[in-house]
Amino acid sequence: MNTPHIWLRAETKPNEQRTPLTPKGAKTLIDKGFRITVEIDRDRIFPIDDYRAAGCEVVEGGAWIDAPSDAFILGLKELAEEDFELEHRHIHFAHVFKGQSGASEMLGRFIAGGGSLYDLEYLLLENGRRIAAFGYWAGYCGAALGVLAHANKAAGAARPLTSLESFASKDALLNHVRIALNKTDARPSVMVIGARGRSGTGAVELAKSLDLETIEWDLEETRKGGPFQEINDADVFVNCVFVASDLPPFVTLDSLSQPGRRLSVISDVSCDPYGDYNPVPVYDRITTFDYPSISIPAGDVPLDLIAIDHLPSLLPRESSEDYGGQLLPFLSTLDQPDEGVWGRAHSIFMQKVESLRNT
């Protein structure tokens, strides 16, 4: 095979500053003989000049459409909804393998163009564990926003959360939440389901860093099947469970409408309102940095929900450095795209394509 060519595209999702490939990572690949092209993306946390200094070729945003056919088009979030065929090999979080809205149309574009998808969510080791994930930072940021929303409500704010901007560091975010807490007497209890996973670990650390009561649930505690009354007894519920099969919901509108509910904020880090396996089936759309929370009509106690699907963007530098470091050793094996994690990911893609063809 020729020297691998990785083309880092600009993101189209608003407020997305993260990247799966840092300038440092690009330099490592170039030193191994890779060709790296980087699109200009003014939102990306790392300046384009840092990529130039690393030896990358620089092009305008969106130029990947005309990239050489053998290039791997690397991104983070899903492609924009368009109608042109996809001929390249793409690497990104596509959100199309669980029957999500628009999945058939997106997979159809790959079928029509002869392209391939190596979904970052499905880059798996032989034991089924993902090779890289933003989970820790998603959990950390999701818990931070949940606590912040609760503190703002306790202080009488008109909205639990106003529009969000990224923070320069983990310490800056933590200090922001601590200041909000100190403006009230509220010391919310935080319940984390999925506490032993990547996301849950981050959520638990955030809560404990603020010296908050933290209820940690995982497989053993949820084995009995929901809905769970215990969620109503916490102030903030952070859902960090990665769901790949059907299971009883953790909460429902009926369970949340029970008298005596204390719960004030749900932060759904897993954030999959469009899939069939959502354990928090009380909302039908994601929230955004511009509108971070929505009101849930359940009972007499005001309840708000946060469901942002790119939470680590709140800490774009740290989350990109962490994720990029996890992914880099596997990007360096793209000279053998039919083997290892890449071969497994492509097999999953082909299974989904065949399933669509047979419907």
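Coordinates for the structure precede this section.
Parameters at a glance
- Residues numbered from 1 in each chain as written.
- Predicted model: local features only at pLDDT ≥ 70, side-chain atom pairs only at ≥ 80, totals over all residues.
- Heavy atoms only, no water.
- Bend = angle between axes of the 7 residues up to and from the residue.
- Helix = DSSP H or I, 4+ residues; strand = E, 2+ residues; numbered from the N terminus.
- Buried < 20%, exposed > 50% of the residue type's maximum accessible area, 1.4 Å probe, protein only.
- Contact = heavy atoms within 4.5 Å.
- Disulfide = S-S within 2.5 Å.
- Salt bridge = Lys/Arg side-chain N within 4 Å of Asp/Glu carboxyl O.
- Pairing = 2+ DSSP bridges.
- Axes fitted to C-alpha atoms, helices over the stretch in contact; angles between N-to-C directions.
- Core = buried A, V, L, I, M, F, W, Y, C linked by side-chain atoms within 4.5 Å.
- Parallel < 35°, antiparallel > 145°, perpendicular 65-115°, else oblique.
- Left-handed = near helix turned anticlockwise from the far one by under 90°.
- Right-handed = clockwise from strand over helix to strand, strands pointing away.
- Expected span 1.5 Å × (residues − 1).
- Nonpolar A, V, L, I, M, F, W, Y, C, P; charged D, E, K, R; others polar.
- Patch = residues over 30% accessible without salt bridge, like charges linked within 9 Å, V, L, I, M, F, W, Y side chains within 5 Å.
- Areas by Shrake-Rupley, 256 points an atom, 1.4 Å probe, with all protein chains shown as cover.
- Lys, Arg positive; Asp, Glu negative; His and termini not counted.
- Charge placed at Lys NZ, Arg CZ, Asp CG, Glu CD.

*Asks:* Please set out helix α10 (residues 316–331) residue by residue, giving values where relevant.
*Replies:* The largest bend along α10 measures about 30° and falls at Gly 325, with the proline Pro 329 one to four residues further on. For α10, the complete set of buried residues consists of Pro 316, Ser 319, Ser 320, Tyr 323, Gly 324, Leu 327, Leu 328 and Leu 331. Elements that come into contact with the buried residues of α10 comprise β1 (5–8), α1 (23–31), β4 (72–74), α4 (135–154) and α11 (340–357).

*Asks:* How would you summarise the state of the cysteines if you had to cite specific residues and measurements?
*Replies:* On inspection of all chains with the given rule, the structure shows zero disulfides. Cys 141 takes part in no disulfide bond, and the closest cysteine sulfur, belonging to Cys 240, lies 11 Å away. Residue class for Cys 141 comes out buried when judged on its relative accessible area of 0%.

*Asks:* Help me get a handle on the pattern of salt bridges, residues and values and all.
*Replies:* Taken as a whole, this structure holds 15 salt bridges when the rule is applied. The salt bridge partner of Glu 230 is Lys 224, with a shortest N-O separation of 3.2 Å. The class of Lys 224 is exposed, set by a relative accessible area of 58%.

*Asks:* Mind laying out the side chain of Thr 222, listing which residues take part and the relevant values?
*Replies:* Relative to the helices and strands, Thr 222 is located in helix α7 (residues 219–222). Looking at Thr 222, the relative accessible area reads 17%, which means it is buried.

*Asks:* Account for the sheet that holds strand β10 (residues 265–268), naming residues and giving values.
*Replies:* Ordered by their spatial adjacency, six strands build an open sheet running β8-β7-β9-β10-β12-β11, and the pairing between neighbours is mixed. Where the open sheet ends on each side, the last strands, each with one partner, are β8 (214–217) and β11 (293–295). If you compare each strand with its neighbour and ignore which way they point, the axes differ by 20° on average. For strand β7 (residues 190–193) and strand β9 (residues 236–239), the ladder comprises four bridges, and the chain directions are parallel. Residue pairing across strands places Met 191 opposite Phe 237, the latter belonging to β9. The strands touched by α4 within the sheet are β7, β9, β10 and β12 (304–306), with β10 carrying the most contacts at an inclination of about 160°. Its contacts with the sheet put helix α6 (residues 198–209) on β7, β8 and β9, and the angle it makes with β8 is roughly 165°.

*Asks:* Give me the lowdown on the nonpolar core, citing residues and values where you can.
*Replies:* With 40 residues, the main nonpolar core has Leu 145, Leu 173 and Val 238 as its most contacted residues. At the level of elements, α4, α5 (170–182), β7, α6 and β9 are the ones that each hand at least two residues to this core. Top contributing element to this core by residue count: α4, with 12 residues. If we skip the residues at most four places from it in the chain, Leu 145 touches Leu 161, Leu 164, Ile 306, Ile 308, Leu 311 and Leu 314. The next biggest cluster of nonpolar side chains, apart from the first, holds 33 residues, and it includes Leu 8, Phe 34, Cys 56 and Val 341.

*Asks:* Lay out the packing of α4 against α6 with the relevant residues and their values.
*Replies:* Each packed pair of helices is defined by two parameters, the angle between the axes and the distance between the axes. For the pair α4 and α6, interaxial distance at closest approach is 6 Å and the crossing angle is 40°. Comparing their axes, α6 and α4 come out oblique. As for the relative orientation of α4 and α6, their crossing is right-handed in sense. Here Gly 135, Tyr 136, Ala 138, Gly 139, Tyr 140, Ala 143, Ala 144 and Val 147 of α4 lie close against α6, whose contacting residues are Arg 198, Ser 199, Thr 201, Gly 202, Ala 203, Glu 205 and Leu 206.

*Asks:* Could you give an account of the pairing of β8, naming the residues involved and the relevant values?
*Replies:* Relative to β8, β7 is paired through four bridges, and the arrangement is parallel. Paired with Val 190 across the strands is Thr 214, a residue of β8. As for the winding sense of the linkage, the β-α-β connection from β7 through α6 to β8 is right-handed.

*Asks:* Can you break down the sheet that holds strand β3 (residues 57–59) residue by residue, with the values?
*Replies:* Here we have six strands laid out as an open sheet, ordered β3-β2-β1-β4-β5-β6, and parallel in their pairing. Looking at the sheet topology across the chains shown, the edges are occupied by β3 and β6 (116–119). Going across the sheet, the axis of each strand differs from the next one's by a mean of 25°, ignoring polarity.

*Asks:* Can you explain α4? Please cite residues and give values.
*Replies:* In a regular helix each residue adds 1.5 Å, so 20 residues correspond to 28 Å; α4 covers 29 Å between its end C-alpha atoms and thus fits that length. Within α4, 17 of the 20 residues are buried, leaving the element largely enclosed by the surrounding structure. Once α4 finishes, Gly 156 follows within two positions and takes phi at roughly 85°, a positive value.

*Asks:* How would you explain the packing of helix α3 (residues 103–113) against α11 if you had to name every residue and give the values?
*Replies:* At a minimum axis distance of 10 Å, the contact between α3 and α11 shows a crossing angle of 105°. Considering the angle they form, α3 stands roughly perpendicular to α11. Here Ser 104, Leu 107, Gly 108, Phe 110 and Ile 111 of α3 come into contact with α11, specifically with Phe 349, Lys 352, Val 353, Leu 356 and Arg 357. For the contact of α3 with α11, the residue count by class is six nonpolar, two polar and two charged.

*Asks:* Mind laying out a negative patch on the surface, listing which residues take part and the relevant values?
*Replies:* Together, Glu 81, Glu 82, Asp 83 and Glu 105 make up a negatively charged patch on the protein surface. Relative to the elements of secondary structure, Asp 83 occurs in the loop between β4 and β5 (89–92). When its relative accessible area of 72% is taken as the criterion, Asp 83 is described as exposed.

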